[in-house]
Amino acid sequence: MSEQRLRLGLIFNFNPKWTGGIIYLINAIRILNFLEEKDKPTVVVFYNPSLKKYIDEISYPYLELVPHNFPSIYKGYVSSFLKNKNVFVDDLVINHQLDAIFPMHDYPVKSKSKAKLVSWYADLQHMYYPQFFTKRKVLERNERIKLILKNSKDLVVSSQAVKDDFIKFFKIPSTLNIHIYHFVSIIESLPESSYEEIRDKYELNDNYYMISNQFHKHKNHKVVFEAIAELKKKGIEVCVGITGRFPNEPDSPYMQELHDIINKNDLNQNIKFLGLIPRGDQLLLMKYSKAILQPSLFEGWSTVIEDAKSLQVPVIAANLNVNIEQLEEKGTYFEPHNVEKLVSILEKYPNRDFSKQLYDSYDSRMKNAAYELLNIFK
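Scope of this entry: the structure provided in the associated data block. (Residues numbered from 1 in each chain as written. Predicted model: local features only at pLDDT ≥ 70, side-chain atom pairs only at ≥ 80, totals over all residues. Heavy atoms only, no water.)

1. A closer look at unusual backbone geometry
- In the segment running from Phe102 into Pro103, the intervening peptide bond is cis, with an omega of -10 degrees.
- Its place among the elements puts Pro103 in strand β4 (residues 100-104).
- In this structure, Gln312 takes a positive phi of about 60 degrees despite not being glycine.
- As for its placement among the helices and strands, Gln312 is situated in the loop between α12 (303-311) and β12 (315-318).
- The exposure class of Gln312 is buried, given its relative accessible area of 17%. (Helix = DSSP H or I, 4+ residues; strand = E, 2+ residues; numbered from the N terminus. Buried < 20%, exposed > 50% of the residue type's maximum accessible area, 1.4 Å probe, protein only.)

Written out as structure tokens, the structure reads:
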């Protein structure tokens, strides 16, 4: 008689605007396809109905999809305190006979469940750049983290850099296990378009670079724009395609700052805002780019860099500890506010050798990540 499969519950309840969180969890399910057949768990996805279109993209042989209306944060915490049980997940564990559940952001009280309840926190950006958050949001984040540390037994973080930050800023209970899971980017298929077709579709020049980040101030597009302006003064034309969801507010100060640099330096032909484009198109543009630029002031573990590694594309990145952890000696680095350094890199950056394998093979990276994730729940 074969051993019963592990029953793993996954909570799919993110803000629809948080592309990184959505991609993270979709990949956490898809990566399990790289396990040996006997090791694949049954995955029960509890999803916010507003996110159904993302759930429909997932392909996995042992998948159960359960629409679920999660309680609001404040109501859920108050109810948990009054009932002395975690109302966000306890009933789900019992009703669906789960062995483990992930990723838990809300751990208001200790759970009496025998299942392995695994928390997750992306990064501690608010500790380094509180000016990018409201005071209320900083307070909420810190209180949420303190309750996770107090009540949880297992916490997953995305990198050693994030684990080091937790140790730096918070007192870690001896009973808490902190697991590092290095997210990898799964590339299942690309559009059947040629390099020329995809380049022309988005009106990019030959030998273009790519930035694929959301338009938040900490993503630091500014340093790239200023470097391109300096190169233009030297008679060197650099083209960058920029993907990402534009801010909702029409008068975004950050977007205005970026447009001011473009207009002041006549960079309309150098910098192409592509917006939120189909994922396949984005990956194809990345695959044929000269390099990926990742100038962020802060990252927990960069999805964009993982995309680049899966596509075997070189990366020019800010010299953050996490970027160096992610790329090691394969990356080209600059200080995130040092325009002159980035100018010197782009000025001399070589053309792509598309036959060169820069990183470990795709299949080995995927399989290693799959078992790294599975072992957390055993």
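Now that the structure has been shown, we can carry on.
2. Digging into the packing of helix α11 (residues 279-287) against α12
- Where α11 contacts α12, the axes come no closer than 10 Å and their chain directions differ by 65 degrees. The pairing of α11 with α12 is recorded here as roughly perpendicular in orientation. As for the relative orientation of α11 and α12, their crossing is right-handed in sense. Between α11, through Arg279, Gln282, Leu283, Met286 and Lys287, and α12, the contact on the second element is made entirely by Val304, Asp307, Ala308 and Leu311.
- Looking at the contact of α11 with α12 residue by residue, the classes come out as 5 nonpolar, 1 polar and 3 charged. (Axes fitted to C-alpha atoms, helices over the stretch in contact; angles between N-to-C directions. Parallel < 35°, antiparallel > 145°, perpendicular 65-115°, else oblique. Left-handed = near helix turned anticlockwise from the far one by under 90°. Contact = heavy atoms within 4.5 Å. Nonpolar A, V, L, I, M, F, W, Y, C, P; charged D, E, K, R; others polar.)

3. A closer look at the pairing of strand β1 (residues 7-12)
- Summarising burial for β1: 6 of the 6 residues are buried, a large majority.
- Alternating positions in β1 separate into two faces, Arg7, Gly9 and Ile11 on one and Leu8, Leu10 and Phe12 on the other, with burial throughout.
- Here β1 runs beside strand β2 (residues 42-47); their pairing, made up of 6 bridges, is parallel. For Ile11, the partnering residue across the bridge sits in β2 and is Phe46.
- In this fold, the crossover linking β1 to β2 by way of helix α1 (residues 19-30) has right-handed handedness.
- In this structure, β1 lies alongside β4, joined through 3 bridges in parallel fashion. Note that in β4 the partner of Leu10 across the bridge is Phe102. (Pairing = 2+ DSSP bridges. Right-handed = clockwise from strand over helix to strand, strands pointing away.)

4. Side note on the environment of Ser72
- Position of Ser72 relative to the elements: it lies in the loop between β3 (63-67) and α3 (73-83).
- Along the backbone, Ser72 and Phe88 are 16 residues apart, and their C-alpha atoms lie at a distance of 9.3 Å.
- Here Lys75 takes part through its backbone nitrogen, which lies 3.3 Å from a polar atom of the side chain of Ser72. (Polar contact = N/O pair within 3.5 Å; in protein donor to acceptor, adjacent residues only side chain to side chain.)

5. As for the side chain of Glu306
- Among the secondary structure elements, Glu306 is positioned in helix α12.
- For Glu306, a relative accessible area of 1% puts it in the buried group.
- Not counting chain neighbours up to four residues away, the residues in contact with Glu306 comprise Phe183, Val184, Ser185, Trp301, Gln326 and Arg365.

6. Observations concerning the sheet that holds strand β6 (residues 154-157)
- Strand order across the open sheet formed by 7 strands is β3-β2-β1-β4-β5-β6-β7, with parallel pairing between neighbours. Each end of this open sheet is capped by a strand with a single partner; those strands are β3 and β7 (177-180). Pairwise comparison of adjacent strand axes, ignoring direction, gives a mean angle of 25 degrees for this sheet.
- Along the sheet, α1 contacts β1, β2, β3, β4, β5 (116-120) and β6; its crossing angle with β1, the most-contacted strand, is approximately 165 degrees.

7. Focus: the packing of aromatic side chains
- By the definition in use, this model includes 24 aromatic pairs.
- Relative to Phe14, the ring of Phe12 lies with its centre 5.9 Å away and its plane at 85 degrees, an arrangement referred to as edge-to-face.
- A residue is classified by how much of its surface remains accessible, and Phe12, at 0% relative accessible area, is buried.
- Judged by relative accessible area, Phe14 falls into the buried class, the value being 6%.
- An aromatic cluster is built from Phe12, Phe14, Trp18, Tyr24, Trp120, Tyr181 and Phe183, whose rings are joined through pairwise contacts.
- Note that Arg5 overlies the ring of Tyr62, its terminal NZ or CZ placed 3.9 Å from the centroid. (Phe/Tyr/Trp six-rings, centres within 6.5 Å; stacked < 30°, edge-to-face > 60°. Lys NZ or Arg CZ within 6 Å of the ring centre and 35° of its normal.)

8. Topic: helix α10 (residues 253-265)
- Here α10 is 13 residues long and its end C-alpha atoms lie 19 Å apart, about the 18 Å a rise of 1.5 Å per residue gives.
- Inspection of α10 places Tyr254, Met255, Leu258, Ile261, Ile262 and Asn265 among the buried residues, and these make up the whole buried set. All buried residues of α10 lie within an arc of 120 degrees about the axis, which places them on one face of the element. Relative to its buried face, α10 has exposed residues pointing more than 90 degrees away, namely Pro253, Asn263 and Lys264.
- Contacts from the buried residues of α10 go to α9 (221-233) and β10 (271-275).
- Directly after α10, the chain includes Asp266, whose backbone phi takes a positive value near 55 degrees. (Expected span 1.5 Å × (residues − 1). Arc of directions from axis to C-beta.)

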